[in-house]
Amino acid sequence: MSRYIFRRVLQLIPVILGASAIIFFILSYSTQDPVMMLLAGTDPTPEQIEMTRQQLGLDKPIVVQFFSYMGGLLRGDLGVSYNSGRPVFQEYIARFPATLKLAFWALFVSVLISIPIGIVSAIKQYSWFDNFGMTFAMLGVSTPNFWLGLMLMLLFAVKLGWLPSGGYGGLEYLIMPAVTLGTSQAGLATRMTRSSMLEVIRQDYIRTARAKGLSERVVIIKHALKNALIPIVTVVGFQFGHALGGAMITETIFSWPGVGRLMIDGIHKGDRPVVIGCVIMLCIMVSVVNLGVDIFYAFLDPRIKAGYTK
Amino acid sequence: MNINNDLILDINNLVVHYETMEGTVQAVNGIDIQLPREHTLGIVGETGAGKTTTALSILRLIPDPPGVIKSGEILLDGEDILKNSEKKMRSIRGRDVAMIFQDPMTSLNPVHTVGDQIAEVVRLHEGLSRSDALKRAGETLEMVGIPAERSTEYPHQFSGGMKQRVIIAIALACNPKLLIADEPTTALDVTIQAQVLELMKDLRDRLGMSMIMITHDLGIVAEVCDEVAVLYAGRIVESGTVREVFKSTMHPYTEGLFNSLPVINDKGARIKPIPGLMPDPIELPEGCAFHPRCPYAFDKCTKETPELRYFGETHGVACHAYDQDGFKLKRRG
C-alpha cells in the first residue's frame, strides 16, 4: 500500500511540471505587460520602466525566464509576487484556511443533499420524488454559481437582512457561499448517487440480503450503499479538490478571502508568479485529493485493495 | 399429490403476474404444490416456465413493481404467508425459509467478509452477539467443508464452488425448516456440481430439512428428489413421485424432456428436441399452452385449458389426451 502511495506521489511530479509549463507560456503571450500594470497611474519614465523590467527579470528571453522559474520551482520556490513583493507561497498559505473552510462546508452541504436524494430517487425510481430529485439535480448542475449567489444575496442579505452579503467571519458569513457552492456540486453528485444505486440494487447479492430477512434499511445502507460509493466518492472528491484550488466565482461574489480570489486578483493585475503559483497549487490539491480518493477505494472494496498491494 | 396433514408447504392456486409496459407477463398461472415435511420436491421446467417466480413467491420476494401475486394462498406450516405483514415476513426469511440462488459469482456481497455475511443472518434471527455470531459462522463454514479461518476472507478470494458452499452456509446458518435451492449447481463445473449436490443431500438429511430443488436437470431430480413437478408456461403439467414421473411418464411435455436427453448406451439414437419454443408469456396460446408444440394435440387442446387430473394417488397430469380411451405416449424406450 505504501509503495502504491509512493508511486502515485512520484507520478505527481510530471503532472505539476507540465501544467506549470503550459500556464507559464500562456501567460507570457498574454497582451498584458506586467510592468505597465505595476506602474499604472504613476506616469513612469522609460528609464523607470526599463529598471522595473530588469528587476523582475522580464528583460531576459522567455526561455531563460522559463528555466529560471522552473529551477526555483524544483527547489520549492514559487517566486515573488510582483504586486506585494512577498513570496507567492506565503500569500497562498495566508489565504488557504478560508478556502479550506469554504470547500469543507460546501462538501458537507453537497453530501447532505445528494446522498439522501440520490438513494431515495433510486429506490423509488420514476416516482414523484424521483422526478423532483432529478429536476433539482438538473437545476443544480445548470444554474450558474454567480446567478445563484446573487439571488441568495438579494433574498437573505438585501431583502430579509438575515445574513451578511459578504466578507469573512463566523458561521453567518459562511452559510451563503457554502450553500451556493454546495448546491452546484450536489447536482452532479445526486445524479451519480442515483445511477450508481440503481445499478447496485439490481444485483443478485441484494436479493441474497433480502432473503436473509434483513430490513430494507440495512439492505440499502449496509449492502447497497457501500458498493455504490465508489463512483460517488470519485465525483465528490474531484469537486472537493477543485474547491480546494479556489472557488473563484463564489469567492469573488461573496468577497471571500480565499485562494480563488488571490488568483483572480493576480490575473487582473498581471501578477504572473501569483497566477502560476495558484494554478500549480490547484494541480497539487486536485492530485492529492484524487490520491486520497484512490486510497479510500481500498477501504470500500477489498478487491481494489488486493490490486494495490500487488 | 395426496392431502397430508403434515405439510410444511401447501400452495394453492398461486397466480403471479408481472405487469409491464409491454403487457402482462403471466409467469405463474394457478400452481398447487403440497410438500410433506422432510421431503424434497423437484421443480423442473425450461427457462421462463415460472420456477424462480414460484420460489420467490414463497419468500414474498417477487420484485414489486412489476410483480404482483394476483391470487392464491401459500401456507407455510399451516399459516398463509400472503396475509403476513412485511415485518413478519422478514422474521421468516432466512430463519424458517432460506434460499440458495443460481449464480454464486454474483450472489455474495463483494465488500463484506464471508464470515460477516453468515454471522449477519445469525445475529438477526437469533440475537447472538457479534463474536458469538462470528464463531457460529466459522462452525457453519466447517459444516460445508471450508476451514473456519477463511471466514475473514472476501468472496473474491473463493472459487465458484467454494462460493456456492458459502451461500449454502448462509442459508443453513439458522437451521431453516424449508430450503429452496434455485438451480444451485447450474453455474458450476460438472465435478464441482456433484460435490455441491452431495453436500446438500447430506446436510438436508442431517438437519432434517424439507427442500425444494429447482432445476432443469432431470439427473439432479432423480438423484435428490422424492417428488417432482413439471412446470410449463406457469402451470404444473405433471406431478408425482420421481418414480411415477420418470418410469410412467404421462404428459407429452415431460416425454419431450426425456427425449431431449442423450442416451449413452445407444450411440445411434438421435436426440429428439421438442420442436418450437416456449410461448411468449405475455401472449399465452389459448387452451393448453403446450398444444402448438404437442404431437398429440387435437381440437380440444386449442380451446380448453386442461386441469390436473390424478391417475393413482399421487400422479397428476394436465392433458386432454387422456379423454381418449386407451391413449398412451410413444415414449422412446
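Residues numbered from 1 in each chain as written. Chains lettered and ligands numbered in written order. Predicted model: local features only at pLDDT ≥ 70, side-chain atom pairs only at ≥ 80, totals over all residues. Heavy atoms only, no water.

Side note on the pattern of salt bridges
Residues and elements named next belong to chain B.
Working step 1: Under the criterion given, the structure shown has 26 salt bridges over all chains.
Working step 2: Residues Lys70 and Glu19 are paired through a salt bridge, measuring 2.9 Å at the closest nitrogen-oxygen approach. Here Lys70, found in strand 4 (residues 67-76), pairs with Glu19, found in strand 1 (residues 7-20); they are 51 residues apart in sequence, far enough to count as distant.
Working step 3: By relative accessible area, Glu19 is classed as partly exposed at 39%. (Salt bridge = Lys/Arg side-chain N within 4 Å of Asp/Glu carboxyl O. Helix = DSSP H or I, 4+ residues; strand = E, 2+ residues; numbered from the N terminus. Buried < 20%, exposed > 50% of the residue type's maximum accessible area, 1.4 Å probe, protein only.)

Some details on the environment of A:Thr143
Working step 1: Summarising the element assignment, A:Thr143 is placed in the loop between helix 6 (128-142) and helix 7 (145-159).
Working step 2: A polar atom in the side chain of A:Thr143 sits 2.5 Å from the backbone oxygen of A:Leu139. (Polar contact = N/O pair within 3.5 Å; in protein donor to acceptor, adjacent residues only side chain to side chain.)

As for the interface of chain B and chain A
Working step 1: In this assembly, 23 residues from chain B lie in contact with 20 residues from chain A.
Working step 2: Taking both sides of the interface into account, the surface hidden between chain B and chain A amounts to around 2100 Å²; carbon and sulfur atoms contribute 61%.
Working step 3: Per-residue buried area on chain B facing chain A is highest for B:Phe101, B:Val111 and B:Glu120; these three make up 27% of the total on that side.
Working step 4: The tally of links between chain B and chain A comes to 2 salt bridges.
Working step 5: Measuring nitrogen to oxygen at the nearest pair gives 2.7 Å for the salt bridge that ties B:Glu120 to A:Lys212.
Working step 6: There are 13 residue pairs in polar contact (both at pLDDT 80 or more) connecting chain B and chain A. (Contact = heavy atoms within 4.5 Å. Buried area = accessible area lost by both parts, 1.4 Å probe.)

Comments concerning the pairing of strand 2 (residues 23-36) of chain B
All names here are of chain B.
Working step 1: The buried count for strand 2 comes to 11 of 14 residues, which makes it a mostly enclosed element.
Working step 2: Where strand 1 lies against strand 2, 11 bridges are found, and the strand directions are antiparallel. Its bridge partner lying in strand 2, Ile11 is registered against Ile33. (Pairing = 2+ DSSP bridges.)

What to know about the sheet that holds strand 10 (residues 235-241) of chain B
Residues and elements named next belong to chain B.
Working step 1: If you trace the 8 strands from one edge of the open sheet to the other, you get 6-7-8-3-9-10-12-11, paired in mixed fashion. Two strands close off the open sheet at either side, each with one partner strand: strand 6 (97-100) and strand 11 (309-311). Strand-to-strand twist across the sheet, computed as the mean angle between neighbouring axes with direction ignored, equals 20°.
Working step 2: In this sheet, strand 12 (residues 315-317) lies alongside strand 11 in antiparallel orientation, the contact comprising 3 bridges. Its bridge partner being in strand 12, Phe311 is matched across the sheet by His315.
Working step 3: Here helix 1 (residues 51-59) sits on the sheet in contact with strand 3 (40-44), strand 6, strand 7 (178-182), strand 8 (210-215) and strand 9 (227-232), set at roughly 150° to strand 6.
Working step 4: Packing against the sheet, helix 10 (residues 252-259) makes contact with strand 3, strand 9 and strand 10, and its axis sits at approximately 100° to strand 9. (Axes fitted to C-alpha atoms, helices over the stretch in contact; angles between N-to-C directions.)

What to know about helix 4 (residues 62-74) of chain A
Residues and elements named next belong to chain A.
Working step 1: Taking 1.5 Å per residue, 13 residues should reach 18 Å; helix 4 reaches 18 Å between its end C-alpha atoms and fits that length.
Working step 2: Turning to helix 4, its buried residues number three or more, namely Gln65, Phe66, Tyr69, Met70, Gly72 and Leu73. Buried residues of helix 4, viewed axially, fall in a sector of 155°; they line one side. Away from its buried face, by an angle of more than 90 degrees, helix 4 presents the exposed residues Phe67, Ser68 and Leu74.
Working step 3: Downstream of helix 4 by a residue or two, Gly76 has a phi angle that is positive, lying close to 85°. (Expected span 1.5 Å × (residues − 1). Arc of directions from axis to C-beta.)

Section: the pairing of strand 3 of chain B
Residues and elements named next belong to chain B.
Working step 1: Strand 3 sits mainly inside the fold: 5 of its 5 residues count as buried.
Working step 2: Residues Thr40, Gly42 and Val44 of strand 3 are buried on one face, and the alternating residues Leu41 and Ile43, pointing to the opposite face, are buried as well.
Working step 3: Bridging between strand 3 and strand 8 involves 5 bridges; their strand directions are parallel. Across the sheet, residue Leu41 finds its bridge partner in strand 8, namely Ile212.
Working step 4: Pairing geometry for strand 3 and strand 9, over 4 bridges, is parallel. Among the inter-strand pairings, Ile43 is bridged to a residue of strand 9, identified as Ala229.

A few points about unusual backbone geometry
Trans is the common state for peptide bonds, and a negative phi is the common state for residues other than glycine.
Residue and element names in this part refer to chain B.
Working step 1: Unusually for a residue other than glycine, Arg60 sits at a positive phi of about 50°.
Working step 2: Summarising the element assignment, Arg60 is placed in the loop between helix 1 and strand 4.
Working step 3: Here Arg60 falls in the partly exposed class, since its relative accessible area comes to 22%.

Some remarks on a nonpolar patch on the surface
Residues and elements named next belong to chain A.
Working step 1: On the surface, Phe146, Trp147, Leu150, Met151, Leu154, Val158 and Ile249 cluster together to form a nonpolar patch covering roughly 680 Å² of accessible area.
Working step 2: Sorting elements by how many residues they give to the nonpolar patch places helix 7 first, with 6 residues.
Working step 3: Here Trp147 lies in helix 7.
Working step 4: For Trp147, a relative accessible area of 44% puts it in the partly exposed group. (Patch = residues over 30% accessible without salt bridge, like charges linked within 9 Å, V, L, I, M, F, W, Y side chains within 5 Å. Areas by Shrake-Rupley, 256 points an atom, 1.4 Å probe, with all protein chains shown as cover.)

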